[in-house]
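# Descriptive structure summary
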There are 2 protein chains.
Amino acid sequence: MTDPRPARLSALADGLTAAHVDGLLVSSLPNIRYLTGFSGSSALLFATPRDVVLITDFRYQTQVAEEVGQLARIVIEPQSLWTGLWQQLSQLGYPQVVGFESSHLLHRDFQRLLEAGARWQWRPTVDLVETLRERKDAGELGLIRAANGVATRALARTIEQVRIGMSELEVAGVLEKSLRDEGSEGFPFPSIVASGPRSALPHARSTNRVIEAGDFLLLDFGAETHGYCSDVTRTFVVGRAAPEQREIYDVVRVANETAASGVRAGMSGRDADAIARDYIQQRGYGDLFGHSLGHGLGLEVHEAPRLARTADGALAEGAVVTIEPGIYRPGWGGVRIEDDVFLGADGPVILTSFPHELMELG
Amino acid sequence: MTDPRPARLSALADGLTAAHVDGLLVSSLPNIRYLTGFSGSSALLFATPRDVVLITDFRYQTQVAEEVGQLARIVIEPQSLWTGLWQQLSQLGYPQVVGFESSHLLHRDFQRLLEAGARWQWRPTVDLVETLRERKDAGELGLIRAANGVATRALARTIEQVRIGMSELEVAGVLEKSLRDEGSEGFPFPSIVASGPRSALPHARSTNRVIEAGDFLLLDFGAETHGYCSDVTRTFVVGRAAPEQREIYDVVRVANETAASGVRAGMSGRDADAIARDYIQQRGYGDLFGHSLGHGLGLEVHEAPRLARTADGALAEGAVVTIEPGIYRPGWGGVRIEDDVFLGADGPVILTSFPHELMELG
């Protein structure tokens, strides 16, 4: 496969021209990874249409050479990345107006620009790299698909082992070991294993609560393949499902399937959100679906675009988004079903292959 | 045990007076957790000597009530946390000069203060809450000790299962499952399982590399107990250790033990770092120890203080710090040994109970 990075840097160069800056200081690590391949946890990148300089520290000396190669000038800075930045900018000489990432620069570091970096003109920019990242190329799509395969195979292994009497933490352990055994490089976010009434907490973490007969068991987790994420949720019943559980489950299932088959590139994030929300409202559960329908994913588990009531923008062709409606009844329990969906030119492609039907475990 | 939060809020109020601000906008989630107990991933806190207001979103409605109780006025904001903030500040009426956390506020949000929040005077502050967090109370020390117990019991389970031919990812899976089975609420940072030449990468992640006879195997990982972290590293040899491996291992072991027994509250971070660094230099490996000796830990796995060549400040009594010297020979391998140490009034207390002697696994 062609190295995608030169085309990304070239597209960024066009963005710099449009933003009227001579170069961009990139402080977002996922943006740095997208542009250069560097996956370490400490770096600053400075990019202009003709120079790309990556500054990192000793810990990444070997890794940065392997990952970045000749794409950028690599600087291993012994003191502070910022000291390295001033030196590099001075050596380059020509940049005068320099953009920075307003959404990824702390006020403390903004002060550095105004003080130690006072000889350059600094201009805030928003989403210059994020906009490029929104449209996935074939290689990226393949990695997100692979990360979905890892997640769903791990889920299949896990549910075979779930029993009444296990704690949420034990289930998390089985799930995470299955993810590792299937090759996940990491956990894009803290796995949620929420049982019984705790499944009504949309952002629960795993606890030592013991699973009882008749509990909902909600698993929300992801895998990572070459830096790209998957994000999957399924809700089960451990033991036998009650009629009310089946009813609410079915509303969420239909909301998921209707939205995943109805979402389109070019549609606004608000209209996509409304597909699921309107259905849940019609069924009388609108007040119990308090979060938004979904979000983009890629190198980050939350990235552009948003599928939400407040999202005006059109969904880009080539984006990968989650579709994750839920219904949460406090004190009783909740259901969420989440798949990852590619917004292709010919319509949505569901990347998560795992049944939607309610399964009774144990 | 007494609820520690009122005393923390009271200490913060003293800090606000000293900083000449009427109140503080707290945007750091660990700082919010420290002050209020709220552990969710979306919140803004506004604190004055007489009012404490916590703004979060729908997803945390149940959780925030349980965790925070009557300590703060809780606001569930349907649109944006910032909209909620302006409303609350307006209702309070009296604050005029408001501090914000310069190290935890993005430039984008700083712009909000200057625009939507233009009717208040904003003043950057640094480390007002972090300084309080540096000195652990007995409850916090107990939790960090517990998180160390979880980590070391999980490590003992793991090394029994390590065999030649396993991949790093498989070992990570065994380690993380053991951490969950021992009760860890999460993983404070991505576990490092690095074998053979990859052990020379101080910040390696786990890969599908297969472990060979004679490889170093470096495990750097942590556990989490009620939000408090441990951070532990041990390096093993799988199969039989070669003389050069033993020699380098022993230098790191002595550096660790000398520093852990020599570090004291009141000493500068630089002097603490020098205990290990000077010894490693004397033994001729100074160029291969490129990172700093350690860092504070608590609600975050990296917090104040730093033990580094560039750290002038005195280590606070009551801090918990890592002691983690290492020697890394690129292309060959590396060794790091890391314990967590409490800086008590009577000297250092090592919180990590796991042997330092070189162990041959498999």
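What you are looking at is a predicted structure, and each value in this text was computed from that prediction instead of being measured.

Now for the sheet that holds strand β8 (residues 216-221) of chain B. All names here are of chain B. Spatially, four strands are ordered β7-β8-β11-β19 in an open sheet, and the strand pairing comes out mixed. Lying at the two open borders of the sheet, with one neighbouring strand each, are β7 (192-195) and β19 (360-361). Contacting β7 and β8, helix α8 (residues 168-181) crosses the sheet at an angle of about 145° to β7.

Residue and element names in this part refer to chain A. Segmentation of chain A into domains returns domain 1 (5-132) and domain 2 (138-361). Put simply, the middle of domain 1 and the middle of domain 2, counted by C-alpha atoms, are 35 Å apart. Taken together, the contacts link six residues of domain 1 with five residues of domain 2. With three residues, the single largest contributor to the side of domain 1 that touches domain 2 is helix α2 (residues 29-36). Tallied by class, residues from the side of domain 1 that touches domain 2 come to two nonpolar, one polar and three charged.

Note on placement: arginine 234 of chain A falls in strand β11 (residues 232-238). Each residue touching arginine 234 of chain A, except ones within four places of it in the same chain, is listed here: Leu155, Leu219, Ile337 and Phe354 of chain A.

Across the contact, 42 residues belong to chain B and 42 residues belong to chain A. Among the elements of the structure, α3 (61-68), α5 (107-114) and α8 of chain B are those that each provide at least two residues to the side of chain B that touches chain A. Ranked by residues supplied to the side of chain B that touches chain A, first place goes to α8 of chain B with nine residues.

Our next topic: the packing of helix α7 (residues 138-161) of chain A against helix α8 (residues 168-181) of chain A. All names here are of chain A. For the pair α7 and α8, the least separation of the axes is 8 Å and the interaxial angle reads 140°. With respect to each other, α7 and α8 are oriented oblique. In this structure, α7 crosses over α8, and the sense of that crossing is right-handed. Where α7 approaches α8, its residues Val150, Ala154, Arg157, Thr158 and Gln161 are matched on the opposing element by Val174, Leu175, Ser178 and Leu179. Class assignment for the residues of the contact of α7 with α8 results in five nonpolar, three polar and one charged.

Turning our eyes to something else, we now look at the relation of the copies chain B and chain A. Between chain B and chain A, which share one sequence, the superposing operator has a rotation angle of 180° and an axial displacement of 0.0 Å; the RMSD is 0.0 Å. The transformation relating the two chain copies, once decomposed into turn and shift, fits a two-fold axis. Relative to the rotation axis, the closest C-alpha in chain B is found at leucine 106 of chain B, a distance of 2.1 Å. Looking at the interface residues of chain B, 98% of them are also at the interface in chain A, so both copies use one shared face.

Here the focus is α5 of chain B. Turning to α5 of chain B, its buried residues are His107, Asp109 and Phe110 of chain B. With its buried residues spanning 160° around the axis, α5 of chain B presents them on a single face. Along its buried surface, α5 of chain B packs onto α5 (107-114) and β6 (121-125) of chain A.

How each quantity is defined
Residues numbered from 1 in each chain as written. Chains lettered and ligands numbered in written order. Predicted model: local features only at pLDDT ≥ 70, side-chain atom pairs only at ≥ 80, totals over all residues. Pairing = 2+ DSSP bridges. Helix = DSSP H or I, 4+ residues; strand = E, 2+ residues; numbered from the N terminus. Contact = placed C-beta atoms within 7 Å. Axes fitted to C-alpha atoms, helices over the stretch in contact; angles between N-to-C directions. Domains from an automatic or database assignment. Nonpolar A, V, L, I, M, F, W, Y, C, P; charged D, E, K, R; others polar. Parallel < 35°, antiparallel > 145°, perpendicular 65-115°, else oblique. Left-handed = near helix turned anticlockwise from the far one by under 90°. Least-squares fit on C-alpha atoms with pLDDT ≥ 70 in both. Buried ≥ 20, exposed ≤ 12 C-beta atoms within 10 Å, placed from the backbone. Arc of directions from axis to C-beta.

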